[in-house]
Amino acid sequence: DDFVSRDNDKGEYSTPQANLLAGLEAADHPGQYVTAAKYLALGRKQVGTSGWETNKALTLQLYSEGASLAHRTGDTNTMNVLLDEVLSRPDLTVMEKLRAYEIEIIAHQSADQYHESLTIGLDVLKQLGLPVLKNKPISIVSIIFEYMKTKRALGERTAEELASLPRLTDERIGMGLRISELILISCYQAQPTMFPLLVFRMVRA
């Protein structure tokens with residue numbers, strides 16, 4: 001219904017929800033990134049500063065996806081402004097900020113800033129209340145210990161038996177796995193001896 005209210009002369013929609021949907025659709029096509037950015041910017045303008053109080057979920061998505069698109073187009077300034085708006089808000093939980101953190105991690109990786117990316121990822125895991133590895137070189141003894149612990153957890157299960165285990169339903173742990181997966185490349189580059197421990201913990205989770 002929102003799309004019926006489009007202003008055909010300007011190529012815009014009259015509601016922020018409609019502009020968000022149009023922006024997300026256009027963002028799926030690299031040749032339409034400029035159009036997508038226009039829709040998302042208009043949506044943010046429509047919700048205004050009061051959007052965080054009146055429709056937090058919609059406003060959050062407009063800012064987060066806007067930051068993601070800005071990263072893809074190389075507009076670092078806009079990306080940073082939008083991420084700062086989300087990440088600095090005390091009324092948002094770490095789970096609500098997760099998409100913004102993902103974009104921030106990926107942006108640092110794209111700039112070969114692996115130490116910064118890893119630091120952010122480990123901080124997010126800490127905010128989620130999950131066990132966090134110390135950002136320092138790991139000894140061979142610790143790696144072997146974690147390997148044996150993981151091997152014991154896997155037991156004699158076959159690949160089919162592992163695949164048939166109950167699905168993970170804890171959203172917090174699922175988010176932690178997502179962040180861990182994102183920082184694997186940063187870990188390998190910035191703290192290579194930590195890399196196997198991160199993998200072992202992901203397997204056990």
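The structure presented is a predicted model; accordingly, all values stated were derived computationally and were not measured.

**Student:** Explain the overall build of the chain here, please?
**Tutor:** Scanning the chain from terminus to terminus reveals eleven helices and two strands. Of the regular secondary structure in the chain, the N- to C-terminal order runs β-β-α-α-α-α-α-α-α-α-α-α-α. For the chain, the C-alpha atoms occupy an extent of roughly 65 × 35 × 35 Å along the three principal directions. Within the chain, the fraction of its 205 residues that count as buried is 39%.

**Student:** Please explain the packing of helix H6 (residues 98-110) against helix H10 (residues 171-190) as it appears in this structure.
**Tutor:** Two quantities define a packed helix pair, namely the angle between the helix axes and the distance between the axes. Running from N to C, H6 and H10 point in directions that differ by 5°, and their axes come no closer than 10 Å. Classed by the angle they form, the pair H6 and H10 counts as roughly parallel. Where H6 approaches H10, its residues Leu 98, Glu 102, Ile 105, Ile 106 and Gln 109 are matched on the opposing element by Met 175, Arg 178, Ile 179, Leu 182, Ile 183, Ile 185 and Ser 186. Among the residues making up the contact of H6 with H10, the classes are represented as eight nonpolar, two polar and two charged.

**Student:** Would you take a moment to explain a nonpolar patch on the surface for this structure?
**Tutor:** Taken together, Ile 140, Ile 144, Tyr 147 and Met 148 make up a surface patch of nonpolar side chains, about 410 Å² in accessible area. Judged by its relative accessible area of 40%, Tyr 147 falls in the partly exposed class.

**Student:** Explain H6 to me, please; I cannot follow it from the model alone.
**Tutor:** Since one α-helical turn is 3.6 residues long, residues separated by three or four positions face the same way. In a regular helix each residue adds 1.5 Å, so 13 residues correspond to 18 Å; H6 covers 18 Å between its end C-alpha atoms and thus fits that length. Those residues of H6 that sit buried are Leu 98, Ala 100, Tyr 101, Glu 102, Ile 103, Ile 105, Ala 107, His 108 and Gln 109. In this structure, the buried side of H6 is in contact with helix H4 (56-73), helix H5 (76-87), helix H7 (114-127) and H10. After H6 finishes, the residue Asp 112 shows a positive phi value of roughly 60°.

**Student:** Would you explain the pattern of salt bridges in this entry?
**Tutor:** A side chain of one charge can pair with a side chain of the opposite charge when the charged atoms of the two come close. For the coordinates displayed, the defined rule picks out eight salt bridges. For Lys 56, the salt bridge is made with Glu 96, and the minimal N-O distance between the two is 3.2 Å. Taken together, the positions of Lys 56 in helix H4 and Glu 96 in the loop between H5 and H6 put the pair 40 residues apart, joining distant regions of the chain. Assessed through its relative accessible area of 26%, Glu 96 is described here as partly exposed. Across the pair Arg 99 and Glu 102 runs a salt bridge whose closest N-O atoms are separated by 3.6 Å.

Conventions used here
Residues numbered from 1 in each chain as written. Predicted model: local features only at pLDDT ≥ 70, side-chain atom pairs only at ≥ 80, totals over all residues. Heavy atoms only, no water. Helix = DSSP H or I, 4+ residues; strand = E, 2+ residues; numbered from the N terminus. Buried < 20%, exposed > 50% of the residue type's maximum accessible area, 1.4 Å probe, protein only. Axes fitted to C-alpha atoms, helices over the stretch in contact; angles between N-to-C directions. Parallel < 35°, antiparallel > 145°, perpendicular 65-115°, else oblique. Contact = heavy atoms within 4.5 Å. Nonpolar A, V, L, I, M, F, W, Y, C, P; charged D, E, K, R; others polar. Patch = residues over 30% accessible without salt bridge, like charges linked within 9 Å, V, L, I, M, F, W, Y side chains within 5 Å. Areas by Shrake-Rupley, 256 points an atom, 1.4 Å probe, with all protein chains shown as cover. Salt bridge = Lys/Arg side-chain N within 4 Å of Asp/Glu carboxyl O. Expected span 1.5 Å × (residues − 1).

None of this, on its own, says anything about what the molecule does.
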